[in-house]
Each structure stands twice: as C-alpha cells, then as structure tokens.
Amino acid sequence: LTGVQGLFQLSHQQTFLNQLREITGINDIQVLQQALKDSNGNLELAVAFLTAKNAKVPQLEEATYYQTALPGNDRYISVGSQADTNVIDLTGDDKDDLQRAIALSLEESNRAFRETGITDEEQAISRVLEASIAENKASLKRTHPEVWSDSPNPYDRKRQDNCPVGLKNVGNTCWFSAVIQSLFNLLEFRRLVLNFNPPANAQDLPRNQKEHRNLPFMRELRYLFALLVGSKRKYVDPSRAVEILKDAFKSNDSQQQDVSEFTHKLLDWLEDAFQIKAEEERDGEKPKNPMVELFYGRFLAVGVLEGKKFENTEMFGQYPLQVNGFKDLHECLEAAMIEGEIESLHSENSAKSGQEHWFTELPPVLTFELSRFEFNQALGRPEKIHNKLEFPPILYLDRYMHKNREITRIKRDEIKRLKEYLTVLQQRLERYLSYGSGPKRFPLVDVLQYALEFASSKPVCTSPVDDLGASAPASGTLPPQIPPSTIEQQGPSSSDVPSTSPVQRSVIHKPFTQSRIPPDLPMHPAPRHITEEELSVLEGCLHRWRTEVENDTRDLQESISRIHRTIELMYSDKTMVQVPYRLHAVLVHEGQANAGHYWAYIYDHHQNRWMKYNDISVTKSTWEELERDSFGGYRNASAYCLMYINDKEQYLIQEEFNKETGQILVGMDTLPSDLRDYVKEDNKRFEKELEEWDAELAQKAQQEKLLSQIPRTQTVQAGEPEYLEQPSRTDISKHLKEDSVQAINKALAEQEDRGPEAIMDTAIKLEYTRLLKLAQEDPPPECDYRLRHAIVYFIQNQAPKKIIERTLLEQFGDHNLSFDERCRNIMKVAQAKLEMIKPDEVNMEEYERWHQDYRHFRETTMFLMVGLEFFQKKSYMEALLYLIYAYQNNKELLSKGPYRGHDEELISHYRRECLLKLNEHAAALFESGDDQEVNNGLIIMNELIVPCLPLLLVDEMEEKDIVAVEDMRNRWCSYLGQEMEPNLQEKLTDFLPKLLDCSTEIKGFNDPPKLPSYSTHELCERYARIMLSLSRTPADGR
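Just so you know, the residues in each chain are numbered from 1, in the order the chain's sequence is written. A pLDDT threshold of at least 70 governs which residues receive local features in this predicted model, and a stricter bar of 80 or more applies before side-chain atom pairs are shown or counted, although totals over entire chains, interfaces and linings include all residues. Side-chain calculation: all heavy atoms of the structure are included, whereas hydrogens and water are not.

Here's the deal with the overall build of the protein
Right, on to step 1. Across its full length, the protein holds 33 helices and 18 strands.
Right, on to step 2. Three labels apply to residues, based on accessible area from a 1.4 Å probe with only protein chains included: buried if under 20% of the type maximum, exposed if over 50%, partly exposed otherwise in between. Burial analysis of the protein (1038 residues in total) assigns 47% to the buried set.
Right, on to step 3. Contacts were defined at the residue level, with two residues in contact if any of their heavy atoms lie within 4.5 Å. Pairs at least 24 residues apart make up 74% of the contacts formed inside the protein by residues separated by at least 6 positions.
Right, on to step 4. Only carbon and sulfur atoms are counted for the fraction: they give 50% of the accessible area of the protein, which is about 54,700 Å². The helix count covers DSSP runs of H or I at least four residues long, the strand count covers runs of E at least two residues long, and both are numbered beginning at the N terminus. The Shrake-Rupley method, run with a 1.4 Å probe, gives the accessible areas here. Residue values count only the displayed protein chains as cover.

Topic: the nonpolar core
One recurring pattern in soluble globular proteins: nonpolar side chains tend to sit buried together.
Right, on to step 1. One finds Phe794 and Trp972 to be the most contacted residues of the largest nonpolar core, which totals 100 residues.
Right, on to step 2. Apart from the residues within four sequence positions on either side, Trp972 is in contact with Asn919, Ala922, Ala923, Phe926, Leu938, Met941, Leu988, Phe991, Leu992 and Leu995.
Right, on to step 3. Here the nonpolar core consists of buried residues drawn from Ala, Val, Leu, Ile, Met, Phe, Trp, Tyr and Cys, with membership extended through side-chain atoms lying within 4.5 Å. Formed by 63 residues, the second largest nonpolar core is a distinct cluster that contains Ala241, Phe274, Phe295 and Val618.

Structural notes on the packing of aromatic side chains
Right, on to step 1. Centres within 6.5 Å make a pair out of two Phe, Tyr or Trp rings, where for Trp the six-membered ring is used; the pair is then stacked when the planes are under 30 degrees apart, edge-to-face when over 60, and tilted otherwise. Scanning all chains against the criterion turns up 33 aromatic pairs.
Right, on to step 2. Ring centres of Phe316 and Tyr319 lie 5.4 Å apart, and the angle between their planes is 80°; this geometry places the pair in the edge-to-face category.
Right, on to step 3. Its relative accessible area of 6% is what places Phe316 among the buried residues.
Right, on to step 4. Between Tyr319 and Phe359 the ring centres are 5.5 Å apart and the planes differ by 70°, which places this aromatic pair in the edge-to-face class. Taken as a pair, Tyr319 in strand E7 (residues 319-322) and Phe359 in strand E9 (residues 354-361) lie far apart in primary sequence, 40 residues in all. The residues Tyr319 and Phe359 share a single accessibility class, namely buried.
Right, on to step 5. Ring-pair connections join several aromatic residues into one group, and the members of that group are Phe391, Tyr603, Trp610, Trp623 and Phe631.

Remarks on the side chain of Arg233
Right, on to step 1. By the secondary structure assignment, Arg233 is in the loop between helix H9 (209-230) and strand E4 (235-236).
Right, on to step 2. In this view, Arg233 contacts Arg157, Lys158, Arg159, Val165, Asp682, Arg685, Phe686 and Glu689; residues no more than four positions away in its chain are not counted.

Quick word on the pairing of strand E14 (residues 580-591)
Right, on to step 1. With 11 of 12 residues buried, E14 lies mostly within the body of the structure.
Right, on to step 2. Two strands pair if DSSP finds at least two bridges between them. The sheet contact formed by strand E13 (residues 394-396) and E14 spans three bridges and is antiparallel. Bridging from a neighbouring strand, Leu395 pairs with Tyr581 of E14.
Right, on to step 3. Two strands pair when backbone bridges link them, and E14 and strand E18 (residues 637-646) are joined in this way by nine bridges, in the antiparallel orientation. Considered in E18, the bridge of Tyr581 is made with Asn646.
Right, on to step 4. Of the pairings in the sheet, the one linking E14 to strand E15 (residues 596-604) comprises seven bridges and is antiparallel in character. Looking at E15, one finds that Gly591 is bridged to Gly596.

Re the confidence of the model for the protein
Low pLDDT marks stretches whose predicted atomic positions should not be read closely.
Right, on to step 1. pLDDT is defined as a per-residue confidence score from the predictor, taking values between 0 and 100. Per-chain confidence: the protein averages 75 in pLDDT, with 69% of residues scoring 70 or above.
Right, on to step 2. Per-element confidence in the protein is highest for E13, whose mean pLDDT is 95, and lowest for strand E2 (residues 76-78), whose mean pLDDT is 29.
Right, on to step 3. Confidence over residues 101-148 falls short of pLDDT 50; this stretch has 121 contacts with residues more than four positions distant or in other chains.
Right, on to step 4. Per-residue pLDDT stays below 50 along residues 499-521; that stretch engages in 38 contacts with residues further than four places along the chain or on separate chains.

Some thoughts on the environment of Glu892
Right, on to step 1. Within the fold, Glu892 resides in helix H28 (residues 876-894).
Right, on to step 2. Judged by its relative accessible area of 41%, Glu892 is partly exposed.
Right, on to step 3. For the pair formed by Glu892 and His856, sequence separation is 36 residues and the distance between their alpha carbons is 9.7 Å.

Here we look at a nonpolar patch on the surface
Right, on to step 1. Taken together, the side chains of Phe657, Ile664 and Val666 make up a nonpolar region of the molecular surface, amounting to roughly 280 Å² of accessible area.
Right, on to step 2. Residue class for Phe657 comes out partly exposed when judged on its relative accessible area of 41%. Candidate patch residues must exceed 30% relative accessible area and have no salt bridge, after which like charges are joined if within 9 Å and Val, Leu, Ile, Met, Phe, Trp or Tyr side chains if within 5 Å. Every case where a carboxyl oxygen of Asp or Glu lies within 4 Å of a side-chain nitrogen of Lys or Arg is listed as a salt bridge.

What to know about the pattern of salt bridges
Right, on to step 1. All chains considered together, the criterion is met by 42 salt bridges.
Right, on to step 2. Glu220 is the partner of Arg240 in a salt bridge, and the nearest nitrogen-oxygen pair spans 3.4 Å. You can see Arg240 sitting in helix H10 (residues 239-247) and its partner Glu220 sitting in helix H9, a full 20 residues away along the chain.
Right, on to step 3. Assessed through its relative accessible area of 42%, Arg240 is described here as partly exposed.
Right, on to step 4. Residue class for Glu220 comes out buried when judged on its relative accessible area of 3%.
Right, on to step 5. One salt bridge in this structure joins Arg971 and Glu927, with 3.0 Å as the shortest N-O distance. Highlighted residues: Arg971 in helix H31 (residues 959-973) and Glu927 in helix H29 (residues 904-928), separated in sequence by 44 residues.
Right, on to step 6. On the basis of relative accessible area, Glu927 is assigned to the partly exposed category, the value being 46%.

What about the packing of helix H27 (residues 844-872) against H29?
Right, on to step 1. Axes here refer to lines fitted to C-alpha atoms; in helices the fit is confined to the stretch in contact. Angles between the N-to-C directions go from 0 to 180 degrees. The contact between H27 and H29 brings their axes to 11 Å, and the two run at 40°. The angle between H27 and H29 falls in the class oblique. Crossing of H27 against H29: the hand is left-handed. Mapping the contact onto sequence places Leu864, Leu868 and Phe871 in H27 and Ile907, Tyr910, Glu913 and Cys914 in H29.
Right, on to step 2. Throughout, the ten residues Ala, Val, Leu, Ile, Met, Phe, Trp, Tyr, Cys and Pro are labelled nonpolar, Asp, Glu, Lys and Arg are labelled charged, and all others, Gly among them, are labelled polar. Classifying every residue of the contact of H27 with H29 by side-chain character gives six nonpolar, no polar and one charged. Roughly parallel here means an angle under 35 degrees, roughly antiparallel means over 145, roughly perpendicular means 65 to 115, and every remaining angle is called oblique. By convention, the crossing between two helices is left-handed when the near helix turns anticlockwise from the far helix through less than a right angle, and right-handed when the turn is clockwise.

Regarding unusual backbone geometry
Note on backbone geometry: most residues besides glycine have negative phi, and most peptide bonds are trans.
Right, on to step 1. In this structure, Asp161 takes a positive phi of about 50° despite not being glycine.
Right, on to step 2. Relative to the elements of secondary structure, Asp161 occurs in the loop between helix H6 (120-137) and strand E3 (166-167).
Right, on to step 3. Residue classification places Asp161 among the exposed positions, given a relative accessible area of 74%.
Right, on to step 4. Although it is not a glycine, Gln798 adopts a positive phi angle of roughly 55°.
Right, on to step 5. Note on placement: Gln798 falls in the loop between helix H24 (790-796) and helix H25 (801-812).

Some thoughts on the environment of His543
Right, on to step 1. Here His543 is to be found in helix H18 (residues 532-568).
Right, on to step 2. For His543, a relative accessible area of 45% corresponds to the partly exposed category.
Right, on to step 3. Separated by 95 residues in the primary sequence, His543 and Leu448 place their C-alpha atoms 8.2 Å from one another.

Quick notes on the side chain of Thr670
Right, on to step 1. Looking at the secondary structure, you find Thr670 in the loop between E18 and helix H20 (673-708).
Right, on to step 2. Among the residues examined, Thr670 registers a relative accessible area of 17% and is labelled buried.
Right, on to step 3. Within polar-contact distance, the side chain of Thr670 engages the backbone oxygen of Gly667 at 2.7 Å.
Right, on to step 4. Other than its neighbours up to four places away in sequence, Thr670 contacts Val229, Glu656 and Leu665. Whenever two N or O atoms come within 3.5 Å, that pair is a polar contact, provided that in protein one can donate a hydrogen and the other can accept it, and provided that, for residues adjacent in sequence, both atoms are side-chain atoms.

Notes on helix H7 (residues 174-184)
Right, on to step 1. With 11 of its 11 residues buried, H7 lies for the most part within the structure.
Right, on to step 2. Regarding H7, the residues found buried are Cys174, Trp175, Phe176, Ser177, Ala178, Val179, Ile180, Gln181, Ser182, Leu183 and Phe184.

Considering the packing of helix H30 (residues 931-953) against helix H32 (residues 982-995)
Right, on to step 1. Where H30 meets H32, the axes come as close as 11 Å, and the angle between the chain directions of the two elements is 5°. Taken together, H30 and H32 sit at an angle that is classed as roughly parallel. Packed against H30, whose contacting residues are Asp931, Val934, Asn935, Leu938, Met941, Asn942, Val946 and Leu949, the element H32 presents Asn983, Leu984, Lys987, Phe991, Lys994 and Leu995 at the interface.
Right, on to step 2. The residue makeup of the contact of H30 with H32, split by class, is eight nonpolar, three polar and three charged.

Re the pairing of strand E5 (residues 297-305)
On a regular strand, each side chain points to the face opposite its neighbour's, so the side chains alternate between the two faces of the sheet.
Right, on to step 1. With seven of nine residues buried, E5 is to be regarded as a mostly interior element.
Right, on to step 2. Here E5 runs beside strand E6 (residues 308-316); their pairing, made up of nine bridges, is antiparallel. By the bridge assignment, Phe299 is partnered in E6 with Glu314.
Right, on to step 3. The turn joining E5 and E6, which pair antiparallel and follow one another in sequence, is formed by two residues; a positive phi near 50° is taken by Glu306.
Right, on to step 4. Note: E5 against E9, seven bridges, orientation antiparallel. Among the inter-strand pairings, Val302 is bridged to a residue of E9, identified as Glu356.

The structure is reproduced here in structure tokens:
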C-alpha cells in the first residue's frame, strides 16, 4: 500500500487540528500541535491527551441542553447548567469520573426509555443520527478525511454573490440536507421558523420530554435558517441541529436514514413546538397550529364493507403512493384513491367490499411519499424499485376532490371503457406488426415487400452452388493473399478495443484483394422460373395487399392515438383545472434499499428555474436534468418524495415587505434582531479566517521573493527531457540540432556559391517542406510525428504563419549551431533577423501560448505512456494517477482543437479499466474477512476509487463511464443483506454512502506524479513500443 500512500499523500495536519479544536473546544494552536506531536499523529490519542488536560484550558460555554460527544465512546452526557444530583465533574484529572459518567449515561438512557416510551420508529431514526455525530466529531473510523473535510483555503468556502448556501454533510446526513433545504425554500415556512419565539414559561426547566427535545431543536433550527439566509460561507455546518435530533433517541446502530421517516418525525417535532406556543397564546379559543395549517389536509373515505356502507373523515400529512405497476403520478393517485371493488357504491344489493378516498381539504403544501422499496420474501431483504414514474410540474387535483366526485366517476367509467377498446385495437395492431406463427415475427408489410422483391428479382437458370463452382479457381492456384504486415498492422478486430491512433483522422479505405464476388452473381436469391404473366398477377396481388395492410395499420395507429389523446384530455375541461398545485421540490435517492445518497431539486419561484441542492454544492439545473435523475429507469436514481404547493396560495412563496416603505426585504433584513446579531458574529469569524489566510499567503510570497533574490546558477543535467528543460526559447534538443545541420548541408550543396542569408533561407524552406510532409502524412498508430517537432504540431493545428516562421528562425538561430564556421554564420543571420522582427509583427503572448500548449501536449503524452506501461505491468494503483492526469490534461487540449491532444476514448478506456480492476481487488480483500486485508481494501476504495468517481460522472455523455460506476457500486451494494460479521457490516455501512454519493464535485488531488526524463528520440521510441503492444492486446485482456 505504499504505492497508494505515495500517490495520494496529502497534508492532514490542518484537518486534524481543526478536528481537535472542534472536539475539545481548545483554540490554542500550540497546545493542539503539541498534542498531535506527542500522539505521533494519532487523532484518538491526541483527543484522550487533551481531555485529560482539559482542566488547564477553561472554556466558558452557554448553558444548553445539547449533548457533547465523549472521544472514543458512542454515548453522550449532559453538560447543561441545571442542578442535577447525577452530574459528574469531568474537569478534574480523575479518569474514574469519566468511566462513571459513561455508566451513568447508559443508566440514564435505559431510564429515559422506560419513562418516555420512545417508539421503535424513533429508535430507527437514532441509528443514523448517532453515526452522524460520531463521524463528524471524531472522524476516527474514516480513512480518507478529505472526502468530508473543509478545504483549508477559506476562499474555497466563500459564498459567491447571493448564491444559495449549502449544508455540510456531517456523516450520512444527506437526507437531512435534502429535507431542510426543501422546507427552507418555502418562504412561509422559513418565516414561521425564523420568527418563532419560545414560550415564556419554557425559559425554566422543560416540563416534559417534548419540551426538552423540541424547544432546543427549534432554537438551533432558527440559527441554521438564519445562516442559510445571511452567511458569507458557501455552506454551513448543521451539526448542532443534528445533535439535538440525536438527543431524542438512543441507539447504537448506524445506517442511512429514510427521508420520508425523517420528514414525518420532523414535522411532528415542529408541530409540537408550535403547539406549546399556540396553547400559551390562545384566548379561550382552540389554538391554531401553523404546522398543521400548512402541511395537513383531510380526506373522506366512503365505501362498503361486507355489504354495509360507511363514511368517515381522516387527516393526512404526507400521502403515500405505490410506484410499482404505474407509469405516472396520476395513475398512482387513481390507485390510491380507489381500493377494492367499488361497484357496490352504486347499487343496493351487491355484497362486494371497497372504498374511495376523496380530498375534502388539501393542505397548502402537499407531499407525496413514493414507495420505491419493497421486501423481497425470497431473498429476505428490501429491494428498491427502479421503475420509471413520470410526474408533471403542474398537478391538477380537481378529479380527486369530494365536490367533483360525481363528474369524476362518470369520467372514470368513460376512461375504463376507452381503455378496454384501446386494448382490443392494440392487440389487432400487434398482429400486423408481429406477423407469423413461429418464434421470429416480422411486420406484415415488410413480409409482403420481401415477397415482392423476391418475385421481381431476375430469374436464374442454375443452382447457386453450381454457378459458384464455375467461378472457382483452378486446381493448384490460390487467390491473392493479404500481406502478413497488413494483418499485423490491423490488430484485433474486436470493436471493444478503442483505436490507438494518436489523432482521429478520416480512414482511407482500400479494396480487398481476395474473395471477390463474381460480378454476374446476383446479390439476393431469385426465382428459378417465372413467366411474365405469373409475375404480373403476383405483383398486382402483393402491391394491393401491401397497400391494404398499410392502410389498416395506419387506421389502427390513428385510432389508438385518438383514444390516447381523448384519455389525456378527459380532465382538461375548465371545471377540472381549478385546483392547480405546482411542483416545489423533488427529493432524489440514488442507491439501493439499504444505502444510498439523497439530494434535492428545488424550484426558485422568483428566478423561474430549478436548483440542485447536493449537500455543500448548490448549482443551477434544468427540468431535463430533473427528469433524468428523478423519473427513474436511468441508473439507480429516482424521486423518493415530491413536494407540491398550492399555486393559488402566493403567500407560500411571497417575499416579505417593509410595512413602512413597502420595499421587499432581502437577506439580513428578513431576520429578527437576535438572529441578525448571530449571523453577523459568524460572518466576522469567517472574515477573520480570510484575513489570516491572506496574511499567511503574503508572508509566504515575501519569503519566496527573498529566496528568489539569492543568485543561483542554472544547469541542465544530462538525461533530462531536452525539449522541456533547455533554457533557450525554442527548447531545441539534440536531434533538432542535427535536423538543422542536415538542412544547412543540403542548402550548401544546392547553392554553394551563395551568401549565408540565401543559404539560411534555402535551409529554412527545406526544413519546412520536410516538416509539412510529416504533418500531412497519415502515420500508423505507433507513430505520432507531432512528438518529433513542434512545427508538425503547429501545422496540424493551423497555427498562424508568423508563429511557425519565428519558430524556424529560432531553431536556426540557436547558439548550439556555433560548432563550425558555416553553421555559425547561418546562426548569426537568423539571430539578426529575429532582432529585426517588430513587436507588432508577431504577438509574443500568442507565440508563448502555442509553445506552452506544445509542452503541455508532450507532458500529456508522457503521462499517458507511463500510465499505460504501469497498466501492462498490472501495477494498477501506480497507473491510475498517471492516466487521470493524462485524461484531464488531454481534455483541456482537445477543447482547443481536435488535433491538440490524443484519442480521448483510448485514455478513457484504460482509466476506466484501472478503476474496475482496483475495485475488484478491493472487493476481494473485503470478502476475505481478514481485518488487515479488509482495511487495505477500504483504503483503496476511499483513497483511489471514491475520489475518482466524480471524474467519470461529470460528463453525462460518456455512457461507458457511467455504466462502469454503476458496476462498481452494484458490486458493493450486492453485499447488503448478506450474512457477515458485525464489524464488517459496520464498515460497509460507513463506507457505502461515500461510494454512492452522486456529487460531481471533483475533490482535489495532490500534485501530479513526477515524470521520467526522456529525450525526444527516447520519447518517440517508447511511445511507439507501448502503442504497438496495445494493438496486440486481445479484447478480453484489456
């Protein structure tokens, strides 16, 4: 694994210091550095060391009801200031106190369960919450902290303009981010939370479990919402709010949380908090709870049970819908509103049972839970339903309203009749489109057309075998063969192996020289004998039958389209489009039933665009992207929760106005004074971070400036890449010097009696002609003439003429040509001409850019070449980083032109294969069950595979890359539900969310690996060798 660590070794010191500061509350950087040094970089030991010394660093903390994590322990203890006989002083040096606190915490947990009766559902939610806090506070189990850690550069974390603020994933909390962002962007909900004031009598000790849980949570939710409004940070940390949620439940398990469960519980807590306030403020009337008013509706259930009619009203919040077997949201709703046989509702004597649901009161915010998980009885585990389900941006709910039930029933009966007729027509059409009685069937119109083509073919009088025999070669002769060299150059014929050509050029097709078909042999079978009269009758019948079949098929298709259109427009009349609901948010889940990643698409009602909220990343999106990720049937991503809002209730999304001036309130102006102060303090802390970073950079720049003033001699070591390392402007190498001398000698031979200037002009023309010929040739895959000379690269990429001319002048004006009198004279003439070039004749910035691009091209070539060499040696870990940089550099080159870089498909193929090979190796290590090998496998995944996945997902057009990512994820998801040791299950549960994270935000890699030193000749030779070896690699041995 030294290769892994060597490739991806990053400086974790600042990350560890930040984590120590967060865990212990100690801000003295020297104390933290000393603890880290004494513990040899072990974070857990450093925490234990600082905990023991904590009494020497007193911290003034606000009295809270929150829970503080103990290092290395999964339990928590209260640090509130209220008097409690069971409180233990942990500020001393007695370690027994710490143990007693843990035991007391366990006892408190058991007693709390007996007294409060926490439900199984609440305990299920706790599993992920405790994992989230432990992961965020200690990060002891994570082997790759950079996946979740903050960038050390605060400017990377700075909010751009008024871009929405993201939420940090503090460990398996993407579900929290998706739900909170969806609710926060409901402006009415946001106002309710921000303006919530805890009841006056709650300032003392909470009276019950609900107050103990809900009121602190509301305070933290207000703080979190305030930061989302006015923070100068790109994203904020929700850990404190998550801690409060965790405090309500006790569990030791760890798994990804379900969005619907969490949303349901969250609304319950909010309802309880607002109910406390409402009961305090009521004035003899029944208190109104704004959460109930906003999220809860009512429906009427009417039906028949064992022949007896019933009718009752029920309240609902999130409305559950089954997905399996339905193609769109309306079909799901129709099925949910009707259960069983309902014919009995229209007759008096039927004994069938069934019921209908009719909405009597819809909430302003209507949330649908899409049930995409079902339990597989055979496998004994839950599975996700990946079926496609469409839903509209505007949903009209008139057909489900109780006031419209009579007209809806009539329309449902009509739709039922039309669908039955539609089924008959589709069956008839299928007989035309799949004609025949055997296993293979064809469209009848094609069958008739083929029969017509056969009958109309020119008759032949001989058997096709006899006819072929007449044209067979005479005994002892062989047809011309393809030269062996041609076969070798062609390589494998499998279409799976990408072309190894350095650039994509049009292929020159050459005729085959063997097995030519005799010109008199018909291309298709034909009848032996047919008379003109028979052909005339047959053609007439086939033409007529084909026309009849075409007409019948067209009539059936048109009838089917008309019925589909009629069904679609059944509810489009004016009376049935009076209850519009607009799609506000879509919560998306990618992954399997037991693990996955959540993000949200939320509609910006004021900018009229969709936004994608993926943890810390908030980006502009489109309806097309939402469709692809949310409808399902594509990859493993699909909508899991839909949030619609009443399109007529504008107060839900309306901005707040200043009562005095009438102007719209934005940003900090929308916050109450206490929250405004809270955000200002946080912004001051962040501005201080920026100032400290600037000061640090200024200090480094000053140091570098001082170092740069120290005189140093530049030497070029033997064996270094000549083009890349020579100090002259053209970076001339040894072989370029030889080319220049050769051109000069040819010019002297042609014009021996001419002066140096004429000879130089001739030499330059000869050299340019040679390079132009190379640029125009179509080389074999193993040759890339661009590597031989920069001018070949310039010509192929249509560089300006002045750039090429100056490059040639600098080649002949280089001081390396001063080894004899004739060349020295040529060099002086070239140097004089260079000095005569005016600044306005050649744009030197453009000149430098072209040469920089060429250096970039050669560097990319070396990344590719070294990566492929490692790949062929099966050193996949070493190969991967070289191929990653080759692909990224090459992509940048190709963005400027098609001949600027190498074959993108070739690099993409081997980068993908590297990842797949490493994934299989890591999975095999995990399956071994050995602790060391399991850890090694997870290190490979965390440090190599996971950081690379965004590189494969960022380009949606690369279907092979997307399929490869799905293959790797499915490989690990296949372990879910399998029998394994608890420690393996824990590690798998901890790792899977990182693997399934759909974010395309590319994590930072360390500096590029050091490239070997090659001369131009060595580079061309090694490039040819590796490309030839690739062309001989069989398809299954990639």
